[in-house]
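Observations on the three-dimensional arrangement
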Amino acid sequence: MQQLTQNLKDGNMEILEVPFPALNKGQVLVRNHYSVISVGTEGKTVSDARKGYIAKARTRQKELKQVIDMIKTSGIINTYKMVMNKLEAPSPLGYSCVGEVIALGEGINDLKVGDYVACGGQGAYHADVVAVYRNLCVKVPETVNLKHAAFTTIAAIAMQGIRQADLRLGENCVIIGLGLIGQITAQLLNAAGIKVIGIDINQEQVETSIKNGINLAFNRNLDGIEKIITDYTDGNGTDAVIITAGSSSTDPVDFAGTICRKKGKVIVVGAVPTGFSREKYYKKELELKMSCSYGPGRYDSIYEEKNVDYPIGYVRWTENRNMKTFIDLLAQNKLNIEPLITHTYKLEDADEAYNMILKKTEKFSGILISYDTEKTLKKEIILNSEPANPSEPNIGLIGAGSFAQNVLLPKMKGLGNMIGVATSKGTTAKYVADKYGFAFCSDKADDIIDNEKINTVFIFTRHNLHAKYVISGIEQNKNVFVEKPLAMNREELEKIKEAYLNSNYTGRLMVGFNRRFAPQVEEIKHMFLKDQPKSINIRINAGSVPKESWVNDPEIGGGRIIGEGCHFIDLAAYIAGSKVKSVSANNITDPNFLYDTVVINLAFENGSIATVSYFSNGNKLVPKEYIEVFCNNRVVIVEDFIHMTDYSKSIRKSKLSSQDKGHAKEVIAFTESIKEGKPSPILFDELYNSTLATFAVIESCKTNRIIEL
């Protein structure tokens, strides 16, 4: 299949041949017929991408600060590579489309293959095939023109602005900004019996709006416009103003304050600054409200990704209900979308549309991309078919997020034959395949696990899929490297153990416990005897992660301790040279029950003890990781895997040129074990023990007792 992408480095647009997007639980796979270019949002994205680095930095101050902070810990070279990887990766465009359902994910029961649906939000890209969650699509009746239905998501933005204004039959409203969203807003208001006045600084937009059905529309710079509006509203001022314009000026908000009646409402839909003059808003007691995208549910992962609807008795209008209302109005012939469509481009000509938007060579409003629905689509992309040497690591990759791309994949070059990569996004799979020389790319993990050429599988997905793919890899007798955590709960861990202990399994299982392989940790291991009892203190200034993040989702990420805390439990066990035998933990009470600020006490079979202090309530100016090891009248301190101080007969200090947490060494050790026929660098008993101890941390926090393993 083909998909429109943009390179954020130089703004270059390209139609890529990519695999289908993965069809996950709760999703719908749709073959697009039409998609709409959002002139405002996408136009700005494309414009920003075509700017030089200095101009990019000026418009992205938040990202610039993140880069500066990254340089302090990772160094200039590593930071440069990470930034370039982000900029060079193909970025998808689009968020409003319509097409035919070609497959249904698990849990979808109210749609069937062959239905037509309008789609929005994440995943509703300019592509032959898209995968969207159920709450982000609505069924389209056969009587509705698909071209018109393609505007559903953009119309939902307009509709949510109207919901925020809470207008009643017979009231009036001024729309500032008569672009596509402004004109759709006007039609929706007309259909609801609201008197509409349109305002724009562009006279052509004003005239076009009048032709398209707005009875009263004026140029903002018209002399006496305030009196015209006052007279039209019986001398009271307008009941509400909906701002759909995009501007760097405060005039839209200031002007809204001038023309609004006392206790009126001003709704901000477009991107305008709100540093307005206080006087009018104060004296009239005006209500200024923001309108969030398509409506309630937007940016809520529980609603959008888990398809958990808001009860209609408490939230009457969600984003999905807003979308459905637009489709209903189309079916009732209450709206006239056809005059708003000024251009239609084929997918392969889409770059011409963006050039036209940026250069403004023609008048435009609604711009459609059309798709060839008769052509045969490829689900999998074959890049080369060279034979693989079975005695070498023949690598298949499942998942390729930012961590894999920025940290592990660059260190895997030359360590084996890159056979296949599967990711949920086709653009990511194609980019990674091209960059690292994989023979094919796909949307299905099974295409990696079941491939006979592949003998080594790397799993870099979200945490909830780790155990599933580990077990599948073991059952197919593959060598398996999985990023932490190994499992999300004890049940998954026991299933992995059962599969691993199967006498037919001859592969290697490895978890990405990279800190074991850090050069400073290896040096510590050589300082002490394995059986010497050690006192270990590990402090992690982890920083906070929003509770909405997938990492904190108990079903997807498992939380900070399971997702990251396992690293440090394993590190403590490795330094101690012994298995954990008991765990006790206490956490700071958190209203969201995140268990992300925890003190963990570990006791080991060889008499060693350790404290792991995992804190999310610290300050970024403090180094993230701090390790102390006390043993035999000697103390060794490691600071952020850069500085190390050894206090023994004398004080010896050392410093690495850049931070090294052992990522390169761990993948080298794993692939070498395959080539040389040796066991996995980390024995299964150790993986099992560290993971079990991690689960015991949460149990101890909840039960307030010591957990014996």
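Residues numbered from 1 in each chain as written. Predicted model: local features only at pLDDT ≥ 70, side-chain atom pairs only at ≥ 80, totals over all residues. Heavy atoms only, no water.

Here's the deal with the overall build of the chain
Convention followed: Helix and strand labels come from DSSP, where a helix needs a run of H or I of at least four residues and a strand needs a run of E of at least two; each type is numbered from the N terminus. Here the radius of gyration uses the C-alpha set of atoms, whereas the globule reference equals 2.2 Å times the residue count to the power 0.38. Each residue is assigned to one of three classes by its accessible area relative to the maximum for its type, calculated with a 1.4 Å probe on protein chains only: buried under 20%, partly exposed between the two thresholds, exposed over 50%.
Helix and strand counts for the chain come out as 22 helices and 32 strands. The C-alpha atoms of the chain give 29 Å as radius of gyration, which agrees with the globular expectation for 709 residues (27 Å, within 12%). For the C-alpha atoms alone, the extent of the chain along its principal axes is close to 90 × 60 × 50 Å. For the chain, the proportion of its 709 residues judged to be buried stands at 54%.

Things to note about the layout of surface pockets
Filter applied, for reference: A pocket here means an open set of points on a 1 Å grid, computed over the protein atoms alone, that has protein on both sides within 12 Å along at least five of seven lines. A cavity is instead a set of points where a 1.4 Å probe fits but cannot get out; residues with an atom within 4 Å of a point line either one. Grid points are joined across faces, edges and corners, and a volume is the space filled by probe spheres set on the points. Only Asp, Glu, Lys and Arg are considered charged in this grouping, and only Ala, Val, Leu, Ile, Met, Phe, Trp, Tyr, Cys and Pro are considered nonpolar; every other residue, Gly among them, is considered polar.
What the second largest pocket holds in volume is close to 670 Å³. Residue classes in the lining of the second largest pocket are distributed as 11 nonpolar, seven polar and nine charged.

Describing the nonpolar core
Note the cut-off: What is meant by a nonpolar core is a set of buried Ala, Val, Leu, Ile, Met, Phe, Trp, Tyr and Cys residues, joined one to another through side-chain atoms within 4.5 Å. Residue contacts follow a heavy-atom distance rule, with two residues in contact if any of their heavy atoms lie within 4.5 Å.
Judged by nonpolar contacts, the single largest core of 63 residues is most densely connected at Leu 397, Met 412, Ile 496 and Leu 509. In contact with Leu 397, not counting residues within four places along its chain, are Leu 409, Met 412, Gly 420, Val 421, Ala 422, Val 432, Phe 438, Ile 448, Phe 458 and Phe 460. Val 144, Ala 217, Met 323 and Ile 327 belong to the second largest nonpolar core, which has 49 residues in total.

Brief notes about the pairing of strand E2 (residues 13-17)
Selection criterion: A pair of strands counts as paired when DSSP detects no fewer than two bridges linking them.
When strand E1 (residues 2-7) meets E2, the two strands line up antiparallel, connected through five bridges. Looking at the pairing, Leu 4 lines up with Ile 15 of E2.

Considering unusual backbone geometry
The omega torsion across Lys 484 and Pro 485 is 0°, close enough to zero to call that bond cis. Mapped onto the elements, Pro 485 comes out in the loop between strand E22 (479-482) and helix H18 (490-500). Non-glycine residue Glu 285 carries a positive phi angle of around 50°. Within the secondary structure, Glu 285 sits in the loop between helix H10 (278-284) and strand E14 (287-290). Unlike most non-glycine residues, Phe 593 shows phi in positive territory, near 55°. With respect to the element layout, Phe 593 can be found in the loop between strand E25 (580-587) and strand E26 (598-604). Look at Phe 593 and you get exposed, because its relative accessible area is 63%.

What about the packing of aromatic side chains?
The way to describe two aromatic rings as a pair is by their centre distance and the angle between their planes. Formally: Aromatic rings from Phe, Tyr and Trp, taking only the six-membered ring of Trp, are treated as a pair when their centres fall within 6.5 Å; an angle between ring planes under 30 degrees marks them as stacked, one over 60 as edge-to-face, and anything in between as tilted.
Taken as a whole and judged by the stated rule, the model has 12 aromatic pairs. The interplanar angle of 45° and the centroid separation of 5.0 Å between the aromatic rings of Tyr 303 and Tyr 310 together place this pair among those described as tilted. Residue class for Tyr 303 comes out buried when judged on its relative accessible area of 0%. On the numbers, 5.7 Å between centres and 90° between planes, the contact of Phe 458 with Phe 670 is edge-to-face. In this pair, Phe 458 sits in strand E21 (residues 456-459) while Phe 670 sits in helix H21 (residues 663-675), placing the two residues 212 residues apart along the sequence. Like Phe 670, Phe 458 is buried.

Digging into empty space enclosed by the protein
One pass over the structure, following the stated rule, counts one cavity of 30 Å³ or more. Counted as a void, the largest cavity has a volume near 30 Å³. Looking at the lining of the largest cavity, the elements with two or more residues in it are helix H20 (560-576) and helix H22 (684-703). For the lining of the largest cavity, the element with the most residues is H22, which contributes three residues.

Some words on the sheet that holds strand E13 (residues 260-268)
As a reminder, the rule being used: A fitted line through C-alpha atoms represents every axis, and for helices the fit uses only the stretch in contact; the resulting angles, taken between N-to-C directions, go from 0 to 180 degrees.
Here we have six strands laid out as an open sheet, ordered E11-E10-E9-E12-E13-E14, and parallel in their pairing. Looking along the sheet, the strands with just one partner apiece sit at the ends: strand E11 (216-219) and E14. Between one strand and the next, the sheet's axes are offset by a mean angle of 20°, whatever the strand orientation. Pairing analysis gives four bridges linking strand E10 (residues 195-200) to E11, with the strands arranged parallel. Considered in E11, the bridge of Gly 198 is made with Ala 217. Relative to the sheet, helix H6 (residues 180-191) contacts strand E9 (172-176), E10 and strand E12 (238-243), its axis offset from that of E9 by approximately 170°.

What about the packing of helix H5 (residues 152-165) against helix H12 (residues 319-331)?
The cut-off we apply is this: By definition in this entry, angles of less than 35 degrees are roughly parallel, angles greater than 145 are roughly antiparallel, angles of 65 to 115 are roughly perpendicular, and the rest are oblique.
Two elements in contact, H5 and H12, have axes separated by 8 Å at closest approach and are oriented at 105°. With respect to each other, H5 and H12 are oriented roughly perpendicular. Contacts between H5 and H12 involve Thr 152, Thr 153, Ala 155, Ala 156, Met 159, Gln 160 and Arg 163 on the former and, on the latter, Asn 322, Met 323, Thr 325, Phe 326, Ile 327 and Leu 329.

Topic: the side chain of Gln 160
Relative to the helices and strands, Gln 160 is located in helix H5. For Gln 160, a relative accessible area of 6% gives the class buried. Among residues more than four places away in sequence, those in contact with Gln 160 are Ser 291, Cys 292, Ser 293, Tyr 294, Gly 295, Pro 296 and Asn 322.

Observations regarding the sheet that holds strand E4 (residues 90-92)
Within the open sheet, the three strands sit side by side as E2-E1-E4. Their pairing is antiparallel. A single partner strand is all that each edge strand has here, and the edge strands are E2 and E4. Neighbour-to-neighbour, the strand axes of the sheet open up by a mean angle of 50°, direction not taken into account.

Structural notes on the environment of Lys 661
This is how it is decided: Polar contacts, as counted here, are pairs of nitrogen or oxygen atoms within 3.5 Å of one another; within protein the pair requires one atom able to donate a hydrogen and one able to accept it, and residues that are adjacent in sequence qualify only if both atoms are side-chain atoms.
With respect to the helices, strands and loops of the structure, Lys 661 is situated in the loop between strand E31 (651-655) and H21. Residue class for Lys 661 comes out buried when judged on its relative accessible area of 14%. Sequence spacing of Lys 661 and Leu 409 is 252 residues, and the spatial spacing of their C-alpha atoms is 15 Å. With sequence-adjacent residues up to four places away left out, Lys 661 is seen in contact with Asn 514, Arg 515, Ala 518, Glu 625 and Phe 641. Side-chain polar atoms of Lys 661 contact the side chain of Glu 625, separated by 3.1 Å.

Structural notes on the state of the cysteines
Cut-off, in case you're wondering: The disulfide criterion used throughout: a pair of cysteine sulfur atoms within 2.5 Å.
A complete count under the given rule lists zero disulfides for this structure. Among the cysteines around Cys 137, which has no disulfide bond, Cys 119 carries the closest sulfur, lying 5.3 Å off.

Looking at the pattern of salt bridges
Which entries qualify depends on this criterion: Salt bridge criterion: a side-chain nitrogen from Lys or Arg within 4 Å of a carboxyl oxygen from Asp or Glu.
Enumeration according to the criterion identifies 33 salt bridges in this entry. Notably, a salt bridge pairs Arg 516 with Glu 686, separated by 2.7 Å at the nearest N-O pair. One end of the pair, Arg 516, is in the loop between strand E23 (509-511) and helix H19 (519-527); the other, Glu 686, is in helix H22, and 170 residues separate them in sequence. Relative accessible area serves as the criterion here: at 28%, Glu 686 is assigned to the partly exposed category. Ionic pairing is found between Lys 678 and Glu 676, a salt bridge with its closest N-O pair at 3.0 Å. Connected via shared salt-bridge partners are Glu 523, Arg 634, Asp 646 and Arg 652.

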